[in-house]
Amino acid sequence: MERKHFNCFLALLLGIFIFKMHIFGAVGEQDEDIPHNEVRNWALKFGVDLWEFGRQFTKMNEIKSRFKDNDIEVKRKDGIILLRELAAEVKNFMDFKRNAVMRLMDSAEQAALSELESQGSSALAQQHYDARRINEYNADGKLADGARHMDIRFMRRFERLPVNLSLSSILVPHGVDLDETDVKSALQWSAHLDPLFQNNLERDPALSWQYFGSSSGFLRRFPGTAWPPEGSKGSKQIHDFRTHNWFVQAASSPKDIMILLDASSSMSEKSFDLAAATAFNILDTLGEDDYVNLITFSEVVKTPVPCFKERMVRATPDNVQEIKSAVKAIKLEDTANFTAGLEYAFSLLHKYNQSGAGSQCNQAIMLITGSTSESHKDIIKQYNWPHMPVRIFTYLIGSDSGSRSNLHEMACSNKGFFVQINDFEEARRKVIDYALVMARPMIMYQADHPVHWSPVFVAGKSGGLGRDSEYQRRLVTTVSTPVFDRRNHSVRVANLLGVVGTDVPIEEIRKMIPQHKLGPNGYSFIVDNNGRVLYHPDLRPLSDGNQYIDQLRPKYASVDITELELPETEIGNDHEVVEMNKNLLNEMRGDMIRPKEGETEFTVLNHYDEAKRVSTRTHRYFYGPIEDTPFTLAIVLPEKYGSHELVSQQEIRHSRSNVTEYFKGDNWRVHPDWVYCEYNSVSDLEKERESSGEYTSRDQEPSFGSPEEQVLHFLARAGRPGWKWMSVRPKSPQPHHNMHGGSQSGHFAQHLNVQGSRKAEPYFCDRTLIQSLVRDAMVTDGLDRNSTGSSNGKEDKHPIATLMAILKRQGYQKFVVATSFVATRSGLLRWIDHIKRPEDTPEPHFSEENVRAMDTSWYKRAVDQHTVEPDSFVYSVPFGSGYAIKSNATLVTASHAIFVEHRGHKAPAGVVGLQFQHDSLAKHFINITSACTGMTGCKRTCASDNLDCYVLDNSGFVIISEEMEHTGKFFGQIDGTIMDSLVQDRIYKRVTVNDYQGVCSDSDNPYTAAGGILKPNRVGSWFFNHFVALCATWLSLMPATLRAWPQDDYTYDGEEVVFVENNYSDEYEPFDNDYNMPVDQEMDEFFTTADVDYTTPPPKQHKPHSGPRYTPDPQNARRCDLRTDLYMLQPERLNQGGQNNPLKGKLTNCHVSGCERPFSVQKIPHSNLILLVVDTLCPCGSKQLDIEPMEESGVVGACSTRRQTQEQESRRRPKKCINYHPEEIEIQQCGRGSTLLHTSASVIVAHILMVTVTFVLANA
């Protein structure tokens, strides 16, 4: 037994000795065993093989020669002139929309003014089309009782819904009764808008939905359609539009709102829930031009959001959501100190008014409480009288009769409004009263009708012709203006009849800014007066969970331009350049808000492929105002190649051949979002088809089946005699300057009736674009024919060159090409399928995913790559494609940009490329790297067990590896230690990319740690509250003998409320100095009350979670700041002094044995790839690097440093502020409450029962 143990011990020692010898031997020989020269030769051969194969297979030289054989010009772009031209087009487009709305406003006011009382008969009032009852049939096929028939047809322009282009339909929110007197009256006179709706559409066929939203609660929408839409999961009621931005902001001027929420223990849980809902509904009515804060008051005043204390903040969606989240964590405690709350609110509002901050227009206090024992005249008189700069709106939660008169008096004596709220439906429906009151001065002047443009939101289905448009939703903004009541009433009133508006799809605005004029990697964006973008290529609005489709409820987006343009901030250690980039962006933002015309240039980060790749590019920005709108347009051109464009067109009218011959077959597409030619209206297309004898279905919109069909149609028309280009869009008529005057009633509509319209011509054609398309089609035509090349190609002129080309093609048959393609500057995409696709494959065809070629990653990256290495391809594989079931299913995409030179200047003409099977590429790579290329031989190759060889792209993703599952994976996840070393050796650059449009789960609410409202069991709470109420009623009705019970331990509402005397101190923090506000001594004293305290726990510090992120469902989603580390290849590091020598690296101290791990990196020529060879003898540990976006750590939400900085950024107030009329105090309407009919039925029954029991007991 001992001998056996001794033998085992000797074997163990021998094993350790051999391992040590192996390791330490490796230490001395590893460096020599990495065949650096072979690595260079492998990379060179592999790169040249790929380049020659791709160059000849794509026929790039032939295409370039064909361009040069025609009349071409490389023309310099003047950015400012181009900007002015495009801004004028956008202005003209927006003028049509604004004019249509103003005509509606004028007609609506005239219709209401001329209404006679005798017309209010019920017979006429029933002539409207209730969208809930349109085309509603019984099982027997007969029209249901109360339903109405409407002829409808599907229209792409109207979200692909069936509509009637002659009639409007009525949509109704919950709680609105169409049989109410004021509703019936408004339905009757607003029916006169139908002819004008129709006329507007005839004048401007690009109009989308038009509507009149009545203050009485119904929405008249044109064209008419049923509700809910077919396929929608929504109910027959829509969301109350009167709380939407387009309605509220058009009805009232900008405002500063202070919401005072009673959080004392006198509020029951149910009452506070209702009070919070009321506050939330008020918040939902505010917009970007408004300022707001919410404070809670009990014994002390608290600001739920700590960083909002002593401030008003912009009512952005993020800030509003922050306030809501904080209110949900409020605890009810102590008694209500109204004096402290009102004093705080008045002081802050006065401070903003005097300092020039805030909206500088309306100011209001919204007091929400369940009870108050007085009207607080003293504090109100001290701060608000006699001029009443602050309106007071009071909301009584519940039915406290004593508080009703006090709150009513507070509102009526301060140009406000009193509302009593008993349920959540009333909380939603009645909050809009404040906006109608604020509209009174504007209505009384009868002069100005401010035009409002809403923030952008996600609406219904896109109206594009693209094959995928049906599955895309479009972005929309709404332009609206108020409708005033001009009628004379027996008492002084100032009624807002409603708001008229029309939706403006962003896809229609972008048609005015043709992408072909901006070129590849050029783009445009529009910014409003608050710095928020109307559209931007990187704008990603939060999902609305289909709330628009189901409820017609928009979810507005609010993204600042500084959150989308990301200046490069990691330029070595050059702090000055970093700051300069940031400052240039902020200066541009300031200029655009003023608005001011200008230009600038700085370097930004660009991310591709869902933020998995990043690059830097220097952009030239040109920006200027869109006159008569709150918007500023910017166009962006890449600095290195965006200042020149290729001018190469084919004149169609004088062409000797039929140009449609160049568009044969089905292997071509045009960009579905670009306007080549289009009819201006449906009727124009119908006339054209009738003249050509084509049949048009009455149930379907006459349209083209695809963008290609539309292009061929116009190309055929262009070849006919008498063709006119119609390349200039009709100009919008300019109304008279006094169009809003009260004495000019009807003038605006009459003026437009004699002016031109967009319908002046039947169609529009972009002559430059379509003639460039024809030229591109001629240049790329016939490339699928088998030939050794055109006689124009330099490489094919000599017989020996032809022979060499044939031999080379035979040598490259190992690359199995699936598809080759070419995409041009005019939006043309051609392709050739070299392998027949299986009919049952679930994968989409190349053309389906790449029809918008200029917008794809392979196109953009190829054009950028030309500035790095002109003779090269950009290679990529799908992310994570190594896990594909079939090894030949993974396709490698290679793309190369063609630049055409003329007179010393170059401009991009297009991109050629191919897709080939990954396994054929991998086999060719293995064949090359498994052999020695030198004369002396080599000890190891990539076939050796001790060497791992990788091909990585310029973003660090694996193109080729010995392990197939590595394909498409980020190399840092495979060997983060080596990747880190590549970063330290400056082969790759680590770039931190911030995503300010990230989406996180709302379950990570930063206020959840602050606690919540102490909520007892809801059933028990309800029972207890009503039991107390019933007992009080019972006792009040008892005879004296029953009522004479001891009451020493009880107090009642009649008891006087004693307020603690205010003690003043200097503990209150000073106002933020960034506002630069002059504060007088008196106001400073107002801000030092000891009753103001901030005891709300601060938001918890956020700790980012690890692992992959999952997008939450829309109901629980919130905006958050994400950051990720991405990687960029630094090719100049591998090409120093013009020499492409391998860069030798070595990992040291990575193992206890002291062994080292050498590696070799070599740039693969003519590509965006590198060859990485790693020695695996030393068993170094490997960490993992992740490129998964992570939420920023620390304070999240509105109190983060970034958001606080953003809050101080400049903005431009709207031009109009109408907040005062000297005769407004004559209006007596200042409140409404709930009647007994709104009381819970169960409570009424219980009260009756209790009275009966009491009566029986009293008379027993």
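Here the structure is a predicted model, which means the values were calculated and not measured. (Residues numbered from 1 in each chain as written. Predicted model: local features only at pLDDT ≥ 70, side-chain atom pairs only at ≥ 80, totals over all residues. Heavy atoms only, no water.)

1. Topic: the sheet that holds strand β34 (residues 988-1001)
Filter applied, for reference: The pairing criterion for strands is at least two bridges between them, as found by DSSP. Segments assigned H or I by DSSP are reported as helices when at least four residues long, segments assigned E as strands when at least two residues long, and all are numbered from the N terminus.
Judged by pairing direction, the sheet is antiparallel, and its 3 strands sit side by side in the order β34-β35-β39 without closing on themselves. With one partner strand each, in any of the chains shown, β34 and β39 (1190-1191) form the two edges of the open sheet.

2. Let's talk about empty space enclosed by the protein
Filter applied, for reference: Lining residues are those with an atom within 4 Å of a point, where the points come from a 1 Å grid over the protein atoms alone and group into cavities, where a 1.4 Å probe fits but cannot get out, or pockets, open sets with protein on both sides within 12 Å along at least five of seven lines. Grid points are joined across faces, edges and corners, and a volume is the space filled by probe spheres set on the points. The nonpolar class holds Ala, Val, Leu, Ile, Met, Phe, Trp, Tyr, Cys and Pro. Asp, Glu, Lys and Arg form the charged class, and all remaining residues, Gly among them, are polar. The source of the domain bounds is an automatic or database domain assignment.
Taken as a whole, this structure holds 12 cavities of 30 Å³ or more when the rule is applied. Counted as a void, the largest cavity has a volume near 140 Å³. Residue composition of the lining of the largest cavity, grouped by class: 9 nonpolar, 3 polar and 2 charged. Two domains each provide a minimum of three residues to the lining of the largest cavity, namely domain 1 (85-247 + 457-463 + 470-507) and domain 3 (513-647).

3. Some thoughts on a negative patch on the surface
Inclusion rule: Like charges within 9 Å and nonpolar side chains (Val, Leu, Ile, Met, Phe, Trp, Tyr) within 5 Å are joined into patches, using only residues over 30% in relative accessible area that form no salt bridge. The accessible surface values rely on the Shrake-Rupley method and a 1.4 Å probe; as for residues, cover is taken only from the protein chains in view. Salt bridges are counted wherever a side-chain nitrogen of Lys or Arg sits within 4 Å of a carboxyl oxygen of Asp or Glu. Just so you know, the count uses Lys and Arg for positive and Asp and Glu for negative, and it drops His and the chain ends. In plain terms, the charge of a residue is placed at NZ if it is Lys, CZ if Arg, CG if Asp and CD if Glu. Classification of residues uses two cut-offs on accessible area relative to the type maximum, computed with a 1.4 Å probe and protein chains only: under 20% is buried, over 50% is exposed, and between them is partly exposed.
A contiguous patch of negative charge on the surface is contributed by Asp177, Asp179, Glu180 and Asp182. Inspection of the secondary structure assignment puts Asp182 in helix α6 (residues 181-190). On the basis of relative accessibility, which here comes to 45%, the residue Asp182 falls in the partly exposed class.

4. Description of the state of the cysteines
Threshold: Throughout, disulfides are identified as pairs of cysteine sulfur atoms within 2.5 Å of each other.
Scanning the entire structure with this criterion turns up 7 disulfides. The disulfide partner of Cys1155 is Cys1178, and the gap between their sulfur atoms is 1.7 Å. The chirality of the disulfide connecting Cys1155 with Cys1178 is right-handed, given an S-S dihedral of about 65 degrees. Here Cys1155, found in the loop between β36 (1143-1147) and β37 (1157-1164), pairs with Cys1178, found in the loop between β38 (1169-1175) and β39; they are 23 residues apart in sequence, far enough to count as distant.

5. Brief notes about the environment of Val892
What counts here: Any pair of residues with heavy atoms lying within 4.5 Å of one another is described as a contacting pair.
On the secondary structure map, Val892 appears in strand β30 (residues 891-902). A relative accessible area of 0% means that Val892 is categorised as buried. The spacing of Val892 and Leu914 is 22 residues in sequence and 8.1 Å in space, taken between C-alpha atoms. Not counting residues up to four positions away in its chain, the partners in contact with Val892 are Tyr875, Ser876, Val877, Leu914, Gln915, Phe916, His918 and Leu921.

6. What about the nonpolar core?
Defined as follows: We call a set of buried residues a nonpolar core when its members are Ala, Val, Leu, Ile, Met, Phe, Trp, Tyr or Cys and they connect through side-chain atoms within 4.5 Å of each other.
Ranked by size, the top nonpolar core spans 105 residues in total, and within it Met94, Ile509, Phe525, Ile526 and Leu633 carry the most contacts. The leading source of residues in this core is helix α4 (residues 79-113), at 16 residues.

7. What about the pairing of β38?
β38 sits mainly inside the fold: 7 of its 7 residues count as buried. Covered by surrounding structure in β38 are Leu1169, Leu1171, Val1173 and Asp1175 together with Ile1170, Leu1172 and Val1174, the residues of both alternating faces. Where strand β32 (residues 947-953) and β38 come together, 7 bridges link them in antiparallel fashion. From the neighbouring strand, Leu947 faces β38, where its bridge partner is Asp1175. Note that β37 and β38 share 6 bridges and pair antiparallel. Looking at β38, one finds that Lys1163 is bridged to Ile1170.

8. Quick word on the pairing of strand β31 (residues 905-917)
Along β31, 11 of the 13 residues are buried, which leaves the element largely enclosed by surrounding structure. In the sheet, strand β27 (residues 817-824) pairs with β31 via 7 bridges, with the strands oriented antiparallel. Opposite Phe821, over in β31, you have Gly913 as the bridge partner. Pairing analysis gives 12 bridges linking β30 to β31, with the strands arranged antiparallel. Counted as the bridge partner of Val900 is Ala907 from β31.

9. Side note on the packing of aromatic side chains
Condition: Pairing of aromatic rings covers Phe, Tyr and Trp, the last through its six-membered ring, and needs centres within 6.5 Å; plane angles under 30 degrees mean stacked, over 60 mean edge-to-face, and all others mean tilted. A ring is considered to have a charge above it if a Lys NZ or an Arg CZ atom is located within 6 Å of its centre and within 35 degrees of its normal.
Under the counting rule described, the total for this entry stands at 39 aromatic pairs. Plain terms: the ring middles of Phe212 and Phe218 are 6.2 Å apart, the flat faces sit at 70 degrees to each other, and that makes the pair edge-to-face. On the basis of relative accessible area, Phe218 is assigned to the buried category, the value being 0%. Linked through ring pairs, Tyr679, Phe704, Phe714, Trp723, Trp725 and Tyr763 together constitute an aromatic cluster. Directly above the ring of Phe879 sits Lys612, whose terminal nitrogen or CZ lies 5.4 Å from the centroid.

10. Observations concerning unusual backbone geometry
Between Phe222 and Pro223 the backbone carries a cis peptide bond, its omega angle lying at 0 degrees. Tracing the backbone through its elements, the reader meets Pro223 in the loop between β6 (219-222) and α8 (245-251). In this model, Trp385 is joined to Pro386 through a cis peptide bond whose omega is 10 degrees. Even without a glycine there, the phi angle at Asp609 is positive, about 50 degrees. As for its position among the elements, Asp609 is in the loop between β20 (598-608) and β21 (613-625). Of note, Asp628 is a non-glycine position whose phi angle comes to about 65 degrees, a positive value. In this structure, Asp628 sits in the loop between β21 and β22 (632-638). For Asp628, a relative accessible area of 47% corresponds to the partly exposed category.

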